[in-house]
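# Architecture and fold: a report
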Amino acid sequence: MEEKTNIIKDLSVEEREEIFVDIARSLEDTAREALVEGDAQFAELSINMAEAIRVSADELARDDPENAECVLLRATAMISQFEAVHPYRMVSMAVH
């Protein structure tokens, strides 16, 4: 974990903030997929975490890198957990 924290320390504030916005977007995508799969509780947890990260992205990027790393680890764990439980997700073939 120290190695990852050192990597985050090396990033600029803007780069860290961009990472938090990207992870929030991934959590929102996971929440939508969880709703499609019928897992409303997991979808709610994911969307709440995404909103909290998005609102606090600036603070997380500027404050203690160790806390930022903890938030990133928890968010990626949520996404990984969903992918482990739902490895074969539906793919839309709709044409708009």
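### Notes on helix α4 (residues 65-85)
The terminal C-alpha atoms of α4 lie 30 Å apart, and with 21 residues this matches the ideal 30 Å at 1.5 Å per residue to within 8%. Of all the positions in α4, only Pro65, Ala68, Glu69, Leu72, Ala75, Met78, Ile79 and Phe82 are classed as buried.

### Side note on the packing of helix α2 (residues 13-37) against helix α3 (residues 40-62)
The axes of two packed helices give the description: the angle between them and the distance between them. The N-to-C vectors of α2 and α3 enclose an angle of 170 degrees; their axes lie 8 Å apart at closest approach. For the element pair α2 / α3, the angle class is roughly antiparallel.

### Looking at the pattern of salt bridges
Inspection of every chain in the model, using the stated rule, returns four salt bridges. The residue Asp29 makes a salt bridge to Arg32 at a minimum N-O spacing of 2.2 Å. Of the two residues, Asp29 and Arg32 both sit in helix α2, three residues apart, roughly one turn of that helix. For Arg32, a relative accessible area of 48% puts it in the partly exposed group.

The rules behind each value
Residues numbered from 1 in each chain as written. Predicted model: local features only at pLDDT ≥ 70, side-chain atom pairs only at ≥ 80, totals over all residues. Heavy atoms only, no water. Helix = DSSP H or I, 4+ residues; strand = E, 2+ residues; numbered from the N terminus. Expected span 1.5 Å × (residues − 1). Buried < 20%, exposed > 50% of the residue type's maximum accessible area, 1.4 Å probe, protein only. Axes fitted to C-alpha atoms, helices over the stretch in contact; angles between N-to-C directions. Parallel < 35°, antiparallel > 145°, perpendicular 65-115°, else oblique. Salt bridge = Lys/Arg side-chain N within 4 Å of Asp/Glu carboxyl O.

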